[in-house]
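Fold and contact review
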Amino acid sequence: MPMLEVKNLHVTVDGREILKGVDLTVGKGEVHAIMGPNGSGKSTLSYVLAGKPGYEATEGQVLLDGEDILGMQSDERAAKGIFLAFQYPLEIPGVATMTFLRTALNAQRKKRGEVELSTPEFLKIVREAARRLEIDTDMLRRGVNVGFSGGEKKRNEILQMALLQPRLCVLDETDSGLDIDALKIVSDGVNRLRSPDRSMVVITHYQRLLDHIVPDVVHVLSAGRIVKTGGKELALELEATGYAQFQGEAAAAP
Amino acid sequence: MNAEVRTIKTNAEQALAAAFAVAKAKLPGDRKVAALREAAFGRFDALGLPHRRVEEWKYTDLRAIIREARPIAGPPDAASMARAKTAGSLIGDMDARRIVFVNGTFVPELSDLVGLSPGLSVRSMAQALAAGDPLVEANLGKVVPAEREGVVALNTALMCDGAIIHVAKGATVERPIHLVFAATGQTPASVFTRSLVVIEQGARVMLVESHDAAAGHHVNTALEMVVGDNAHVDHIKITAGLSDLIHVSSLMASIGANARLNDFAFNLGGGVVRNQTFIRLDGEGTHAGLRGASLLKDKQHVDSTLVIDHKAGLCQSREVFAAVLDGESRGVFQGKIVVHQHAQKTDARMMTRALLLSDEAEADHKPELEIFADDVQCGHGATSGALNKDLKFYLMARGIPEKEAEALLVQAFVGEAIEGIEHAGLRDALMGQVVVWLQGRED
Ligand SMILES: Nc1ncnc2c1ncn2[C@@H]1O[C@H](COP(=O)(O)OP(=O)(O)OP(=O)(O)O)[C@@H](O)[C@H]1O
Ligand SMILES: [Mg+2]
């Protein structure tokens, strides 16, 4: 059974249809890249997977391990293993990053019937994960993402991912805002999480990221539909040709 | 026949007049105090209970709220005193000198008066009134005259007991003083307490007031505070109680030069609460921080009204108020910053924010600036709104259940105001109360 199956998914936001019949199947252990022009619906797809309120699926299904998740709240989906690394991570003043991480981790464990981690156990895991991503633990005492640079925010997303050990990772433009060294650190972090029973959907505009996180499959999303699917060479092709060819096709579709 | 037109008195006003007529002979004080009470009652009688057509009381129509005056509380019985032992517990395990008042009367047996540090004196207002105390005579009703405030006049007329705290010039009181006002009578009563705090030049003290009252009580409490030059005072008032309680509190403080007042009001429920604060900055270079946090549910109503008078220049004032409103509760904030003509280089900033957790809750903000000086920096802001949905989604997307996500955001919201408390132990204790309040919301 595939990890994720998206079937004929139509999504409306604020009365406007953004996704117009998306089909996507991601097998266990696979990494799929999604590319596509600005405004084509990539973030919308990521939000629908994570269960953001206001993103209404009017048609179609989203199955995780064969189970339809569309009726679930976001926290339930997270406990089932879905993780979204946000394109624009939010700042939460007054909630210390450490508190946030621990609350999230323990909430998920609780929901899965696992015991909560003790403070020393938790600290050990966080310190190790932060060290690998070259995040200063002093930063984790601050409010979530407050005063973090763009790149630090992205790193913090991957730190959360490393701690929560999700089964389906959705990365929305995690490479944007990262300098060359940070891109390497973050990609290594992501690659460490690659495993036969963890799948990834990597949204990006640039081949650069896919040099580090090499995808099994590349899709092009244009105007709310997947218009082309290929191997990793498709990304290189797009780099050369751009999206003009697909925009015509999408516009012509009924 | 008397042709004079008179305003119709409400039942409560008539009952208060009758109660004063009976009580005045027994209330503490010499002849001078009796005259003070008589004059004050005359003022109250002329003004009546404040109502919504009085601008300052627009949102808290006390005349309509107090339908029936409660009888004036007598000295506490043994059962009331026993119940008062657990009063004031919201401060957690902070070490403080406990001074206890039960049903408006000072109870030395429950108070800790041993080993007062040099320069500190703590006395009972009732005893001082009876004995004719010069400190009381010099200050009572004079610190920041509130001529138009009927509730203050009523307090002066009926004041029963309270604390007199004096900190001598240059003295530092290390151990915080905890004034515990417990109204624990079996039958609902009216309680009038009046306190006077005089902090001389360069002295330092932390004062916590806890007000706990049993169902149905009407509390009218007032505190006058004189802060000398270079003095440093922390004052925290905690009000908690049940939904059918009426609590009216007046703080009147004058502050000298290069001093520091750090005031915080924490309101956890309590029926109808009116906290009015009148601060006058008399000397240059002073910093006044006035903050507050309220957590309300059901039909609870808290009205925080403050006037800060910048009479001298080069002072800084900061007002930060946060209200978390659930159920059908209502949070009112009225803040006025007055900058007098000679108070140049005043730096005053006021911020009030309300977080609405239900559609039925209501927040009213009325910030005002009255500026007569030309070289000042003043500003105010007010916001009210529901919890940020995007932040909630971010937390939930990490697996945090909805109620827990909301709780984290609420803690962050009130945390901003609570951060203003300098004592770390008390800060943590009050944050702990916020968590308890939030858990109560989930059940
Ligand atoms: N709340 C909303 N109301 C109406 N339209 C919206 C809303 N949110 C997004 N959209 C629209 O949906 C479309 C898809 O947006 P989305 O953010 O999914 O694009 P994207 O593919 O992620 O683009 P980018 O590459 O710029 O990140 C855009 O046209 C956007 O304006
Ligand atoms: Mg996007």
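Everything discussed here concerns the structure shown above.
First, a word on scope: everything that follows refers to the structure included in this document. Treat the numbers as computed from the prediction; the structure is a model and nothing was measured.

1. Examining the site of ligand 1
Residues and elements named next belong to chain A. In the vicinity of ligand 1 lie 16 residues, with Gly39, Lys42, Ser43, Thr44 and His205 positioned nearest. With respect to ligand 1, the backbone of glycine 39 contributes an N or O atom lying 2.8 Å from an oxygen atom. Between an oxygen atom of ligand 1 and a main-chain N or O atom of serine 43, the distance comes to 2.8 Å. When isolated, ligand 1 has an accessible area of 640 Å², and the protein chains bury 69% of it. Listing elements by their share of the shell around ligand 1, those giving two or more residues are β2 (16-26) and α1 (42-50). Take the shell around ligand 1: its biggest share by element is three residues, from α1.

2. Some details on the coordination of the magnesium ion (ligand 2)
Residues and elements named next belong to chain A. Bound to the magnesium ion (ligand 2) on the protein side are Ser43 (OG) and Gln87 (OE1), at distances that span 2.0 to 2.2 Å. On the criterion of sequence distance, the pair formed by serine 43 in helix α1 and glutamine 87 in the loop between β6 (82-85) and β7 (92-96) is long-range, its members being 44 residues apart. When its relative accessible area of 13% is taken as the criterion, glutamine 87 is described as buried.

3. Overview of the interface of chain A and chain B
Listed as interface residues are 33 residues of chain A and, on the opposing side, 16 residues of chain B. A combined buried area of about 1900 Å² lies between chain A and chain B, and 71% of that area is made up of carbon and sulfur atoms. At the boundary of chain A with chain B, the tally comes to two salt bridges. One salt bridge connects B:Arg398 with A:Glu157, and the closest N-O pair in it is separated by 2.7 Å. Our count for the chain A to chain B interface comes out at 10 residue pairs in polar contact (both at pLDDT 80 or more). Contributions of two or more residues to the side of chain A that touches chain B are made by α1, α2 (74-80), β6, β7, α3 (97-111) and α5 (150-164) of chain A. Among the elements that line the side of chain A that touches chain B, the one with the most residues is α3(A), at seven residues. Split by residue class, the side of chain A that touches chain B holds 19 nonpolar, nine polar and five charged.

4. Some words on the nonpolar core
Residues and elements named next belong to chain B. Residues Phe266 and Leu426 are the most contacted members of the largest nonpolar core, which totals 120 residues. Ranked by residue count, the leading element in this core is helix α9 (residues 402-418), at 10 residues. Not counting the four nearest positions on each side in its chain, phenylalanine 266 is found in contact with Lys237, Ile238, Thr239, Ala293, Leu295, Ile418, Leu430, Gln433 and Val434. In this structure, Leu120, Phe181, Leu306 and Ile337 belong to the second largest nonpolar core, which totals 43 residues.

5. A closer look at the packing of aromatic side chains
Following the criterion strictly, the structure yields 11 aromatic pairs over all chains and no others. Aromatic side chains A:Tyr47 and A:Tyr55 sit 5.3 Å apart centroid to centroid with 65 degrees between the ring planes, which places their arrangement in the edge-to-face category. The class for A:Tyr55 is partly exposed, based on a relative accessible area of 21%. The interplanar angle of 40 degrees and the centroid separation of 5.0 Å between the aromatic rings of B:Phe321 and B:Phe333 together place this pair among those described as tilted. Of this pair, B:Phe321 sits in strand β15 (residues 316-325) while B:Phe333 sits in strand β16 (residues 330-339), and the two are 12 residues apart along the sequence. Given a relative accessible area of 3%, B:Phe333 falls into the buried group. Grouping aromatic residues by their ring pairs yields a cluster made of A:Tyr47, A:Tyr55, A:Phe86, A:Phe100, B:Phe393 and B:Tyr394. The ring of B:Trp57 has B:Arg274 sitting right over it, with the charged end atom 3.6 Å from the ring centre.

About the thresholds
Residues numbered from 1 in each chain as written. Chains lettered and ligands numbered in written order. Predicted model: local features only at pLDDT ≥ 70, side-chain atom pairs only at ≥ 80, totals over all residues. Heavy atoms only, no water. Near = heavy atom within 4 Å. Polar contact = N/O pair within 3.5 Å; in protein donor to acceptor, adjacent residues only side chain to side chain. Areas by Shrake-Rupley, 256 points an atom, 1.4 Å probe, with all protein chains shown as cover. Helix = DSSP H or I, 4+ residues; strand = E, 2+ residues; numbered from the N terminus. Donors = N, O, S within 2.8 Å, 3.2 Å for Na, K, Ca; no water. Buried < 20%, exposed > 50% of the residue type's maximum accessible area, 1.4 Å probe, protein only. Contact = heavy atoms within 4.5 Å. Buried area = accessible area lost by both parts, 1.4 Å probe. Salt bridge = Lys/Arg side-chain N within 4 Å of Asp/Glu carboxyl O. Nonpolar A, V, L, I, M, F, W, Y, C, P; charged D, E, K, R; others polar. Core = buried A, V, L, I, M, F, W, Y, C linked by side-chain atoms within 4.5 Å. Phe/Tyr/Trp six-rings, centres within 6.5 Å; stacked < 30°, edge-to-face > 60°. Lys NZ or Arg CZ within 6 Å of the ring centre and 35° of its normal.

These results come straight from atomic positions and should not be treated as a statement about function.
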